[in-house]
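Descriptive structure summary
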Amino acid sequence: MSLIAFLGALELGLIFGFVALGVYLSFRVLDFPDLTVDGSFPLGAAVAAVWIVGGGNPWLGTGLAMIAGAMAGTVTAWMAVKLKILNLLASILSMIALYSINLRIMGRPNIALLTEPTIFVPLESLPVSRYVAFPIAIGIGLLFITFLLNRFLNSEAGLAMRATGENSRMASGNGINTSVMVVAGMALSNALVALGGALFAQSQGSADVTMGVGTIVVGLAAVIGGQSLIPGRSILVATLACLFGSILYRLMVAVALNADFIGLKAQDLNLVTAVLVGLALVLPKLRRRRRVA
Amino acid sequence: MIELNNIHVTFNPGTPLENHVLRGIDLRIESGEFVTVIGGNGAGKSTLLNVLAGEVLAEPGQVKIGERDVTRLPAFKRADLVARVYQDPLAGTCGTLTLEENMALACARGRRRGLRSALDTRLRGRLQENLARLGLGLENRLHDSIGLLSGGQRQAVSLLMAALQPMEILLLDEHTAALDPRIASFVLTLSADIIREQQLTALMVTHSMRQALDVGDRTVMMDQGEVAFDVKGEQREGLDVADLLKLFERARGQEVDDDSLLLG
């Protein structure tokens, strides 16, 4: 693998780190398997792209993308909590609805951003290559968001959210409005995923309505893979493990697709993803079984 | 004071599974009173507790806790008035959260929860002091996830957690039933001590007639969703299990047919 390919994979891994944090929040903290992310990732990209192409401030566009993602998460949570639709099913409904909504927002299947003033434009005038500058900038942003998420999850409200996902009966017995917690958590989760989508569109140069396919699987790969490699219950360890998982996943995909001797091509990406997630799910169990034996 | 007026609860109304669990319960509990509730399977003990906790709403009926009418309030909205320990030691705590995180959760029962850090040095000190009274060495295990504790330890912690914040009533739902006898008696003694020290109003559901007489200062026996009898003060002094059975027969005109009540 060339250095450029490595840095590209690192950049993608960092962008999907935001997705991993979002999936960690829904899947692990709230125990809510959320397929909305397949729709909220391109939603973030679509909102940011349309805003930027329309001449808007790219930072504001990225913020709007997060708000749109939060709204998508809110709708999913509302369906699950108030309409009592099974949580997985509610998220599938959101996902499918978002496909149409994203097409409506963009007005066409894809929008090019290569020549537009994205939030990354200031980096292009730096003396270092874009392939180095982008991952560093995204990595700093990701660490900052991870820090904020840690602060939140260790606050009184964050603890209430964790209790809601773990033992909702005990949570309401202690005066926690579990419905509000699920809605807030899902909003936050999808805001993070949409942020990932907005950054993806701006760094890769386009927003595409189909770019969300498999986002949940990539997020799960990062969360499950990362946490099985770096176990540990504390929020800090768990969130960093998710980021590590996200980067590792991208590197493994890059290796698999770039190594000529394996013979895999770009179109095999989803197959590779499925195999990697499957391994991440099974390997910890095998390890445990061997320890028992 | 706690007031239950003509409480009815029907599960699955209008279906073939309809079950009229509570049939007109009237109960007044004075402040500082420790009531034990006894009754066979299906007598409605747990439902009565759930009505007080807000997990089941009475229809019709009226529930007053303190001066407030809480009949329609869901559990989370009356958490400032009601604290609870469940039968299942796993139910009252969050297994993957640490000991201190679980206790911090309980410290905020019924309060607004903001973005302040849930734990600080002062709170840790208070929690350690609290845990030390158990004599189980848990004060040195604040950072352990609570899932590592035994069932008995978890139940003792649940009890401490319930008592961390002020309340109008403490609900104990057969909270020693799932424990081995030695730990059960430890948790029961601890409950009685805490209730006396903090002068709590408490309602304890139990399966054991012996236990119902050993602690508390009033005993209510339930049968088929009604109060079979209610004894306190002099009337209750010196009663033993056989007397309870006689009281029951006199009140209901039938013999106790639930072995578990006699074996407990």
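Placed above this text is the structure.
Given the structure is predicted, the values throughout are model-derived calculations rather than measurements.

Further remarks concern the overall build of chain B. From N to C terminus, chain B includes nine helices and 10 strands. Taking 18 Å as the expected radius of gyration for a compact globule of 264 residues, we find that chain B reaches 19 Å, a close match to that expectation. With respect to the principal axes defined by its C-alpha atoms, chain B has extents near 60 × 40 × 35 Å. The buried share among the 264 residues of chain B stands at 43%. The long-range share in chain B, meaning contacts at least 24 apart out of those at least 6 apart in sequence, stands at 67%.

A separate point is the interface of chain B and chain A. Between chain B and chain A, the residue contacts involve 27 residues of the former and 20 residues of the latter. Considering each element in turn, the side of chain B that touches chain A owes the most residues, four residues, to helix 2 (residues 99-107) of chain B. Among the residues making up the side of chain B that touches chain A, the classes are represented as 13 nonpolar, eight polar and six charged.

A separate point is the sheet that holds strand 3 (residues 34-39) of chain B. Residues and elements named next belong to chain B. The sheet built from six strands is open, its strands ordered 6-7-8-3-9-10 with mixed pairing. In the strand order of this sheet, the two ends are held by strand 6 (82-85) and strand 10 (226-232), each with one partner. On average, each strand axis in the sheet is inclined to that of its neighbour by 20 degrees, with strand direction left out of account. Two elements, strand 9 (residues 218-223) and strand 10, share six bridges in a ladder whose sense is antiparallel. The residue of strand 10 that forms the bridge with M221 is F229. Here helix 4 (residues 151-162) sits on the sheet in contact with strand 6 and strand 7 (169-173), set at roughly 175 degrees to strand 6.

Another point: unusual backbone geometry. Residue and element names in this part refer to chain B. The amide bond that connects E59 to the next residue, P60, takes the cis arrangement and shows omega of -5 degrees. As for its position among the elements, P60 is in the loop between helix 1 (45-53) and strand 4 (62-65). Non-glycine residue N12 carries a positive phi angle of around 50 degrees. Looking at the secondary structure, you find N12 in the loop between strand 1 (2-11) and strand 2 (19-29). Positive phi outside glycine occurs at E174, with the angle close to 45 degrees. Looking at the secondary structure, you find E174 in the loop between strand 7 and helix 5 (181-197).

The next subject is the sheet that holds strand 1 of chain B. Residues and elements named next belong to chain B. Reading across the sheet, the four strands line up as 2-1-4-5 and stay open at both edges, with antiparallel pairing between neighbours. Since the sheet does not close on itself, it has two edges, and those belong to strand 2 and strand 5 (68-69), each with one partner. As paired strands, strand 1 and strand 4 are joined by four bridges and run antiparallel to one another. Counted as the bridge partner of I2 is I65 from strand 4. The sheet strands contacting helix 1 are strand 1, strand 2 and strand 4, and the helix crosses strand 2 at an angle near 65 degrees.

To continue, consider the packing of helix 10 (residues 215-229) of chain A against helix 11 (residues 235-258) of chain A. Residues and elements named next belong to chain A. Following both chains from N to C, one finds helix 10 and helix 11 inclined at 120 degrees, their axes separated by 7 Å at the closest point. Taken as axis vectors, helix 10 and helix 11 run oblique relative to one another. Once helix 10 is placed against helix 11, the crossing between them reads as right-handed. Contact with helix 10, carried on its side by V218, A221, A222, V223, G225, G226 and Q227, involves A238, A241, C242, F244, G245, S246, L248 and Y249 of helix 11 and no other residues of that element. For the contact of helix 10 with helix 11, the per-class residue count stands at 10 nonpolar, five polar and no charged.

Okay, the environment of P166 of chain B next. Inspection of the secondary structure puts P166 of chain B in the loop between helix 4 and strand 7. Separated by 71 residues in the primary sequence, P166 of chain B and G95 of chain B have C-alpha atoms spaced 24 Å apart.

What follows deals with the environment of R210 of chain B. Residue and element names in this part refer to chain B. Along the chain, R210 falls in helix 6 (residues 209-214). Take R210: there are 15 C-beta atoms within 10 Å of it, and that puts it in the partly exposed class. Note: C-alpha distance between R210 and E100 (110 residues apart in sequence) is 35 Å.

Residue and element names in this part refer to chain A. Running from N to C, helix 2 (residues 37-53) and helix 10 cross one another at 105 degrees; their axes reach a closest spacing of 7 Å. Viewed along their axes, helix 2 and helix 10 adopt a mutual orientation that is roughly perpendicular. Between helix 2, through V37, D38 and F41, and helix 10, the contact on the second element is made entirely by T215, I216 and G219. Its residues placed into classes, the contact of helix 2 with helix 10 shows three nonpolar, two polar and one charged.

Analysis parameters
Residues numbered from 1 in each chain as written. Chains lettered and ligands numbered in written order. Predicted model: local features only at pLDDT ≥ 70, side-chain atom pairs only at ≥ 80, totals over all residues. Helix = DSSP H or I, 4+ residues; strand = E, 2+ residues; numbered from the N terminus. Rg over C-alpha atoms; globule rule 2.2 N^0.38 Å. Buried ≥ 20, exposed ≤ 12 C-beta atoms within 10 Å, placed from the backbone. Contact = placed C-beta atoms within 7 Å. Nonpolar A, V, L, I, M, F, W, Y, C, P; charged D, E, K, R; others polar. Pairing = 2+ DSSP bridges. Axes fitted to C-alpha atoms, helices over the stretch in contact; angles between N-to-C directions. Parallel < 35°, antiparallel > 145°, perpendicular 65-115°, else oblique. Left-handed = near helix turned anticlockwise from the far one by under 90°.

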